[in-house]
Amino acid sequence: MTTSSTSTVPSPDLDRIPELGPGVTVHEPISEHAPWVLRRGESRYYRVGKDLADLACAIDGVRSVRELARDLGGRWDPNSVHGAVADLTGAGLVADPTVDRTPSRRKARKKAGRIRFVPPMTVQFSLLDPSRLLRPGIASMGERAIRVVLALAAAISVGGLIAMTATFAAVYKTLSQPLTPTTYILVTVAVLATTAVHEFGHGLVLAHHGGRPTRMGVMLFYLTPAFFCDVSDGWRLAQPRQRVQVALAGIAVQWTVAGAAGLGSVVVGNGGLRDGLITFATLTYLAGIMNLVPLVKLDGYIALMSYLDVPNLRAKSIEDARNWTAHILFGSRRAEPSERSWSVLYGFACIAFPFYLVATALTVWSDSIMRLGWAGAALIISLFVFGGYVVGKSAVRFVRDAARNGASITRIVAAVVLAAVVAAVSLTMIRVPSTVAGGFRTDDNGTVHFVAARSVDLSAVERGDVVQLRRGGIVFHREVGTARIADPDVTSTTAPLSTLIPVTMSTPTPVDSMTLDDSTATVDSGIASIDTGTLSLGDWIASTYIKVLLHP
């Protein structure tokens, strides 16, 4: 006897009574060609058509799916309403009856507090609703006044850059010499204040186009203090160019402030004020350039995403790059190709750029950081550990997703083994330059000494090794001469802190000292480095960072 079974598709629950999820609101178009928007919470926006917006407006927690279809009429029938409600439930816009009624979900419905954690490493503390400050100001300005302000801002930005270019010799000198602690403090305060004005720029332009900036406050962005302004309401704007203007407004404000500082540095004369203005203007111009890079979640990326009108462009492109790689390496099923032919390449660039950024920063600053001894080593090792965690977590997800998409387990294992072999060979075969970072000073007798933090390993230094002598600044290191090791025997002593980091402080700091001869230094003190040959990558990491950390 033969039996057969027929699978049945459950019939839709047409008697379900849907209700909007916690914090979900429906927003009408703010202009003629603007979209309808469903907002969840304060920063999640979903652009929808008028029919779906009508359905969302009709969902009241009282009428069932069948009744909603009857009352809406037109294109809606019970099955289409049921399907739309299911889609809205998946997006968190309609409450899930199987989840949202539990105590834990009811707790989650509470209004978000002032403090928010945004993965992976951002903590936001909301201070105010900027729309109350910005709307009256922008409403009182006519279009002609706005054009005048924009022209003036552009003139100041360009004028400051021209002024600093014309006085490049003074700019280079300032950026390649130590600064006073007071100058560092004032520049830091000015930079933080400029970030606040930067965020107001975003909010001001959004308010000008009819949007509403919702939150403004301070945050720790990867352990760095900064300000933020939530302009997610920009997705309600009708035209992509308006969202581009919102995204770039902050950079325009930054460069205007930098231009004013650059112009000021020309007229104030020599001294600490000029040094501070030059340093502040340079850092602010560079911060604006960095903000333009569209490969990380900064203003340039927001502008590109807005111009293309593709929400979550970066995340989608990274996913395309991962899917392509998994298909090539493991033979997993290829996801539907993106409409953007460049999506995979852009995704790879987004993946690689943060590593390039960190590597560049370490190349520029590692010597200065390592002059702090074990404290500098601890900081750099912490960065390595965090980077390893991020890479490992991404790799696990990559392999797991590939396996779900039908990847060959044999090919996955082979790829993992190959990656481990490549890493091991790289640690032993790649040769990197080995340097000892420290400083130099001239004693009362005119003898020049090489000095380094006591935790720095000086065992590789030999008599006759060449010592590069430099004047260290916040951006550049200027060559001021050379010398040779006269006596590799180490003497424990103290030296001014300014011999190790670019700050004019005479605070005595414990150091190990070696005597130099054949010095051609044109200044009495500064930073120094000794080239001790090459090491394998593994030995270099161990001697440069781990050994210093373990022997403070």
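Residues numbered from 1 in each chain as written. Predicted model: local features only at pLDDT ≥ 70, side-chain atom pairs only at ≥ 80, totals over all residues. Heavy atoms only, no water.

## Observations concerning helix H10 (residues 272-292)
Threshold: Numbering of helices and strands runs from the N terminus, with a helix taken as a DSSP run of H or I at least four residues long and a strand as a DSSP run of E at least two residues long. A helix is expected to reach a length of 1.5 Å times the quantity of its residues less one. Three labels apply to residues, based on accessible area from a 1.4 Å probe with only protein chains included: buried if under 20% of the type maximum, exposed if over 50%, partly exposed otherwise in between. By definition in these notes, contact holds between two residues if any of their heavy atoms fall within 4.5 Å.
In this model H10 runs 31 Å from its N-terminal to its C-terminal C-alpha over 21 residues, within 8% of the 30 Å that 1.5 Å per residue would give. Among the residues of H10, Arg274, Asp275, Gly276, Ile278, Thr279, Phe280, Ala281, Thr282, Thr284, Tyr285, Gly288 and Asn291 are the ones counted as buried. The elements touched by buried residues of H10 are helix H6 (143-166), helix H7 (168-175), helix H8 (181-208), helix H9 (240-267) and helix H11 (299-308).

## Quick notes on the layout of surface pockets
In plain terms, the rule: For cavity detection a 1 Å grid was placed over the protein atoms alone, and a set of points counts as a cavity when a 1.4 Å probe fits there but cannot get out; an open set counts as a pocket when protein lies on both sides within 12 Å along at least five of seven lines, with lining residues being those that have an atom within 4 Å of a point. Grid points are joined across faces, edges and corners, and a volume is the space filled by probe spheres set on the points. For this scheme, ten residues count as nonpolar: Ala, Val, Leu, Ile, Met, Phe, Trp, Tyr, Cys and Pro. Four count as charged, namely Asp, Glu, Lys and Arg, and the remainder, Gly too, count as polar.
For the second largest pocket, the calculated volume is near 750 Å³. In terms of lining, the second largest pocket is formed by 25 residues, of which the most central are Ile146, Leu150, Val205, Ala249 and Ala252. Elements with a minimum of two residues in the lining of the second largest pocket: H6, H8 and H9. Considering each element in turn, the lining of the second largest pocket owes the most residues, nine residues, to H9. Residue composition of the lining of the second largest pocket, grouped by class: 17 nonpolar, six polar and two charged.

## With respect to the pattern of salt bridges
The criterion, for reference: Any carboxyl oxygen of Asp or Glu within 4 Å of a side-chain nitrogen of Lys or Arg constitutes a salt bridge here.
On inspection of all chains with the given rule, the structure shows 16 salt bridges. In this structure, Asp230 and Arg215 form a salt bridge, with 3.6 Å as the shortest nitrogen-oxygen distance. Of this pair, Asp230 sits in the loop between strand E7 (224-229) and H9 while Arg215 sits in the loop between H8 and strand E6 (216-221), and the two are 15 residues apart along the sequence. A single burial state applies to Asp230 and to Arg215, both of which are buried. In this structure, Arg397 and Asp401 form a salt bridge, with 3.6 Å as the shortest nitrogen-oxygen distance.

## Describing the pairing of strand E8 (residues 431-442)
For clarity, the threshold we go by: At least two DSSP bridges between two strands are required for those strands to pair.
When E8 meets strand E13 (residues 525-536), the two strands line up antiparallel, connected through ten bridges. Counterpart to Ala437 in the pairing with E13 is Ser529. In the sheet, E8 pairs with strand E9 (residues 448-453) via four bridges, with the strands oriented antiparallel. By the bridge assignment for E9, Gly439 is matched with Val451.

## Looking at the packing of aromatic side chains
As a reminder of what qualifies: Whether two aromatic rings pair depends on their centres lying within 6.5 Å, for rings of Phe, Tyr and Trp, where Trp uses its six-membered ring; planes under 30 degrees apart make the pair stacked, over 60 edge-to-face, and the rest tilted. Only when the NZ of Lys or the CZ of Arg is both within 6 Å of the ring centre and within 35 degrees of the ring normal is a charge said to sit over the ring.
For the structure on display, the rule yields eight aromatic pairs. Aromatic side chains Trp324 and Phe348 sit 5.9 Å apart centroid to centroid with 85° between the ring planes, which places their arrangement in the edge-to-face category. Taken together, the positions of Trp324 in helix H12 (residues 313-330) and Phe348 in helix H13 (residues 343-370) put the pair 24 residues apart, joining distant regions of the chain. Under the relative-accessibility criterion, Trp324 is labelled partly exposed at 34%. Here the aromatic cluster, defined as three or more aromatic residues joined through ring pairs, consists of Phe168, Tyr172 and Phe476. Of note, Arg75 hangs over the ring of Trp76, and the distance from its end group to the ring centre comes to 4.1 Å.

## Some details on the packing of H6 against H10
Test applied: In this description, a line fitted to the C-alpha atoms serves as the axis of each element, helices being fitted only across the stretch in contact, and the angle between N-to-C directions of two axes falls anywhere from 0 to 180 degrees. Our angle categories are set so that under 35 degrees counts as roughly parallel, over 145 as roughly antiparallel, 65 to 115 as roughly perpendicular, and the remainder as oblique. Two helices crossing with the near one rotated counterclockwise from the far one by less than a right angle form a left-handed crossing, whereas a clockwise rotation gives a right-handed crossing.
Running from N to C, H6 and H10 point in directions that differ by 120°, and their axes come no closer than 12 Å. When the axes of H6 and H10 are compared, the pair comes out oblique. Handedness of the crossing formed by H6 with H10: left-handed. Every residue of H10 that contacts H6 at Ile156, Ser157, Gly160, Leu161 and Met164 is listed here: Ile278, Ala281, Thr282 and Tyr285. Looking at side-chain class alone, the contact of H6 with H10 contains six nonpolar, three polar and no charged residues.

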